[in-house]
Amino acid sequence: TGELDIAKIIDRNVGTEQVGLGTHLRVVDLGTGEEKAYNMLGPWDGSPEEGTLNYRSPLARALFGMKAGEITEVELPGGTLSLKIEEIRSCFD
C-alpha cells in the first residue's frame with residue numbers, strides 16, 4: 001500500500017485531557033530543569049529539535065496518554081530522562 005492509503009486525518013477538535021495526536025505539550029526535564037515544548041504529530045513528522053514529535057518515536061510513546069502533572073521516565077539512546085507534563089493543549093490553536 002502507498003502512504004496515502006494508510007494516512008489518517010487528525011481531527012482539529014483535539015482533546016486536551018491527555019497527550020495524543022494533535023496535542024501541543026510543554027514538559028520539564030526534572031534532571032536539568034529545562035522546559036521543552038512539542039507538537040505530537042504523525043509518522044512523517046518528527047524533529048524533536050524543532051518541537052515536533054512523530055507519535056511512533058520512543059519519546060512520544062512514553063508521553064502518549066499522559067495527563068498534565070504526571071511524571072514519566074523515558075529511556076533514550078542518550079540516557080534516561082525524567083519528564084513532567086506541565087501543559088497540554090491543541091497544536092491547532
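The preceding data block contains the structure.
Below is a summary of the structure that appears in this document. (Residues numbered from 1 in each chain as written. Predicted model: local features only at pLDDT ≥ 70, side-chain atom pairs only at ≥ 80, totals over all residues. Heavy atoms only, no water.)

Scanning the chain for helices and strands turns up 2 helices and 5 strands. Of the regular secondary structure in the chain, the N- to C-terminal order runs α-β-β-β-α-β-β. Expressed as a percentage of the 93 residues in the chain, the buried residues total 33%. Summed over its atoms, the accessible surface of the chain is roughly 6000 Å², and 47% of this surface lies on carbon and sulfur atoms. (Helix = DSSP H or I, 4+ residues; strand = E, 2+ residues; numbered from the N terminus. Buried < 20%, exposed > 50% of the residue type's maximum accessible area, 1.4 Å probe, protein only. Areas by Shrake-Rupley, 256 points an atom, 1.4 Å probe, with all protein chains shown as cover.)

As a further point, take the sheet that holds strand 1 (residues 23-29). Read from one edge to the other, the open sheet built from 5 strands follows the order 3-2-1-5-4, with strand pairing classed as mixed. Of all strands in the sheet, those with a lone pairing partner are strand 3 (52-54) and strand 4 (71-76), marking the two edges. Between one strand and the next, the sheet's axes are offset by a mean angle of 45 degrees, whatever the strand orientation. Across 6 bridges, the pairing between strand 4 and strand 5 (residues 79-90) is antiparallel. In the sheet register, Thr72 faces strand 5, and the bridge partner there is Leu83. (Pairing = 2+ DSSP bridges. Axes fitted to C-alpha atoms, helices over the stretch in contact; angles between N-to-C directions.)

With that settled, the discussion passes to the pairing of strand 5. Note: strand 1 against strand 5, 7 bridges, orientation antiparallel. Within the sheet, the bridge partner assigned to Val27 lies in strand 5 and is Ile85. Taking the residues between adjacent antiparallel strands as the criterion, strand 4 and strand 5 are bridged by 2 residues.

With respect to the helices, strands and loops of the structure, Thr23 is situated in strand 1. For Thr23, a relative accessible area of 1% puts it in the buried group. Among the polar contacts made by the side chain of Thr23, one reaches the main-chain carbonyl oxygen of Gly20 at a distance of 2.6 Å. (Polar contact = N/O pair within 3.5 Å; in protein donor to acceptor, adjacent residues only side chain to side chain.)

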